[in-house]
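# What the coordinates show
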Amino acid sequence: MYPLFELAKIVDLDLLYRIPSKGPTPVDGTEQAMDVLASPEVKLFASSDVGERSLLAVLCTDGSLVVRYSTGAANPIVHRLDWSSAVTSKIVAMTFDPSGTWLLCAIENSYLFVLPVLCTMDSLVKVNQIWDVGDVSEVFTCKVAKAMPTSLVWWNTFSDVYIGIIGNRSGELVFIDLLKGKQVGIVRLSEQVQQMELVNNNEQSSVYLLITTSVGVQYKLLLERKYEASPRRTLAEKFTYFLRQSTSESILNASEVNVHFRPVRLKPCSGRITSEYAKSRYLLAGHNVKDGLFQIYDNMNMEAPLFMYRLPSNCQQVLLTDRVMHVVSDSQLLILSNQQSETSVTISSNKHFKEESIAQRFSLARMGRVLKIAKRSYPFYLHERQEEALLQQGLDDPSNAHRVVRELATKQLTFDEDIIKILREKCDRKANTIATDGAATCDTVAESKVIVEEGDANKTGEVSFSLQREVSKASAASEEEADYVDQAIASGNLGIMRHGSSSEFMSDILHEAFSSLPSIRLQHHSVLTGCLVVTTKAVYECRPRISPERMFLDLTVDNYDNEVTEQLGVALGLDLYRLYELAANFYMKQGQFCQAIHFYQLSKCPYSRVISNLVKHDHIGKTLAYVSNLLANSKVYLVMSDRERLANVALMCFIYETMASPTSSTAWMMSSFQ
């Protein structure tokens, strides 16, 4: 499992209901906190995410309203709002408007009130003041006694009319015009309404109401639809269609004989139906608890599922997002990979839940009874700003925190114009140096060499390489040792060994993060969708702790096995080739050439880019070894022009290496060049 998320308590009722006592205590002269009343429990919950702004409202059992407000990078604000207890204590249903400005509340006698929550939390925000921004506004008074409301929905029509839909215990759906304050329609069902959801189609041409009753029966009710588009030929017909395109038909003005605006009972074959939004599409999800299947449909017809996922048993609530699912099961919050949870009814081996699809889990045993989980989205720059802040604090290496290389993507060079030119210039400079210094001896020249630290390599089976600077007299023995890496690259036997998933070091990733940050900068991060977990005593936020790309690079830099990293990449749909190339560039800078070549091979990047990186970092010997391996490998298809260019590169590299150490040309270099 991968620690991609963290679970944080964002609203704590026990803490909010503790106030400082008046005056200092005689013990230490400081104010201490005391319990005035036993903290209440959560009764109702509503949330809204609009852009960078997030609002959540919690109605407690004592009638108090707790609101949490956060925007951008500012610290969140949590307040207990002091409004008339005669109103708040009787609230039985509430919901935010689509803009997240107003909180619509229904009380026991079906009266409707609008609370200016956003203006109360942020006095500087500009809103359309259609109601009082300083106090509660009564928008509907029920003249005829109605049953107690059980659910409430705010619906903005295509013609920008604000409609409140009240579902009550009598099975009535009452439509209220919130600006005019009058009832504009009613629909009756045979069962008590328990829950309602608005469902849009992807073309934004129709709106449905998904209704769940107290006995588990579900209905769909068409609320509004635009006139269907059809091709027109004549100019008059096109003009008529243009006029009709700007209008729509609605349940508010439909005749009684119009059968399209009547409740339609849904078939129970797919389990309980919920509305979901994922992959930039409006979807419907059917959860069959008995079979553990979670089926995704494209529209209200639900003819054939687009996707099918296998869930664990006893799943109480499920949220579908772009890459993961948030599931509450057996007092646990599970983060499941969509990719690995996908299944098919035609495959017999997929009838059981796969444990490897669990990316992360949290225990909810001590957090109280879970009432609801709600989706929580985040801005696309979340991880980018997070890493910038960590770099400013000097994470891991303060001295190098402000000298991070920002250009990650290495520009691909062409053989004719760049690589050959750079190599020719290097050879010319080396020849000029030899001609000028002439009699200079090798024992006064400082050479950068790659040392093989073997140590207990025979025992552990691992070989590590480190870049060091040596000032020593050239000798045949030391050069053969330094040429070990070149020979490994030339032969293709890199001898890479990494930690497996069962290694004891796997637990270290839970406590350390961003180990690759000072050396590898990312220009794109995937921001996973989180969720809010509402319990009887508090509200928790399951939020992204680190981006999947950064987690992938951390595992790679920390020397974990490719199976571990690839499982993460496949589970979340990451660009493995790009990430492997970034890891290869990192190892290239660290001087670990065998690791770098290994990840370049995994990244499938063009060999011209590998050669460019080797040349840029002045690793001419490694370039010769790599090019020799390419030319000798029969599995690599090279056209004649590419072979000619590679041969020119090898020639330049050989000349440079011969001039750099004319008395120590090794036998393998001569043979590989020939």
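Source: prediction; values computed, not measured. (Residues numbered from 1 in each chain as written. Predicted model: local features only at pLDDT ≥ 70, side-chain atom pairs only at ≥ 80, totals over all residues. Heavy atoms only, no water.)

### Looking at the sheet that holds strand β23 (residues 293-297)
Read from one edge to the other, the open sheet built from four strands follows the order β21-β22-β23-β24, with strand pairing classed as antiparallel. Pairing within the sheet leaves two strands with one partner each, and these edge strands are β21 (272-278) and β24 (307-310). Geometrically, the sheet is characterised by an average inter-axis angle of 25 degrees between neighbouring strands, direction not taken into account. As judged from the four bridges shared by β23 and β24, these two strands associate in the antiparallel manner. Note on β24: the bridge partner recorded for Leu293 is Arg310. (Pairing = 2+ DSSP bridges. Helix = DSSP H or I, 4+ residues; strand = E, 2+ residues; numbered from the N terminus. Axes fitted to C-alpha atoms, helices over the stretch in contact; angles between N-to-C directions.)

### Describing the pattern of salt bridges
Counted according to the given criterion, the structure contains eleven salt bridges. For the salt bridge of Glu541 with Arg376, the shortest nitrogen-to-oxygen distance reads 3.5 Å. With a gap of 165 residues between them, Glu541 in strand β33 (residues 538-544) and Arg376 in strand β29 (residues 370-376) connect regions that are remote in the sequence. Judged by its relative accessible area of 4%, Glu541 is buried. Of the charged contacts in the structure, one is a salt bridge between Arg609 and Glu581, with a shortest N-O distance of 2.9 Å. Taken together, the residues Arg609 in helix α14 (residues 607-616) and Glu581 in helix α12 (residues 576-590) connect sequence positions 28 residues apart. Judged by relative accessible area, Arg609 falls into the buried class, the value being 18%. What emerges from the salt-bridge pattern is a single network uniting Glu6, Asp49, Arg376, Glu541 and Arg543. (Salt bridge = Lys/Arg side-chain N within 4 Å of Asp/Glu carboxyl O. Buried < 20%, exposed > 50% of the residue type's maximum accessible area, 1.4 Å probe, protein only.)

### Some remarks on the sheet that holds strand β28 (residues 358-363)
Two strands in a sheet stick together by hydrogen bonds in their backbones, pointing the same way (parallel) or opposite ways (antiparallel). The strand order across the open sheet built from four strands is β25-β26-β27-β28, with neighbouring strands paired in antiparallel fashion. Here the strands that pair on one side only, and so sit at the sheet edges, are β25 (315-320) and β28. In this sheet, neighbouring strand axes are inclined to one another by 15 degrees on average, regardless of whether the strands run parallel or antiparallel. With six bridges joining them, strand β26 (residues 324-329) and strand β27 (residues 332-337) adopt antiparallel strand pairing. For Ser329, the partnering residue across the bridge sits in β27 and is Gln332.

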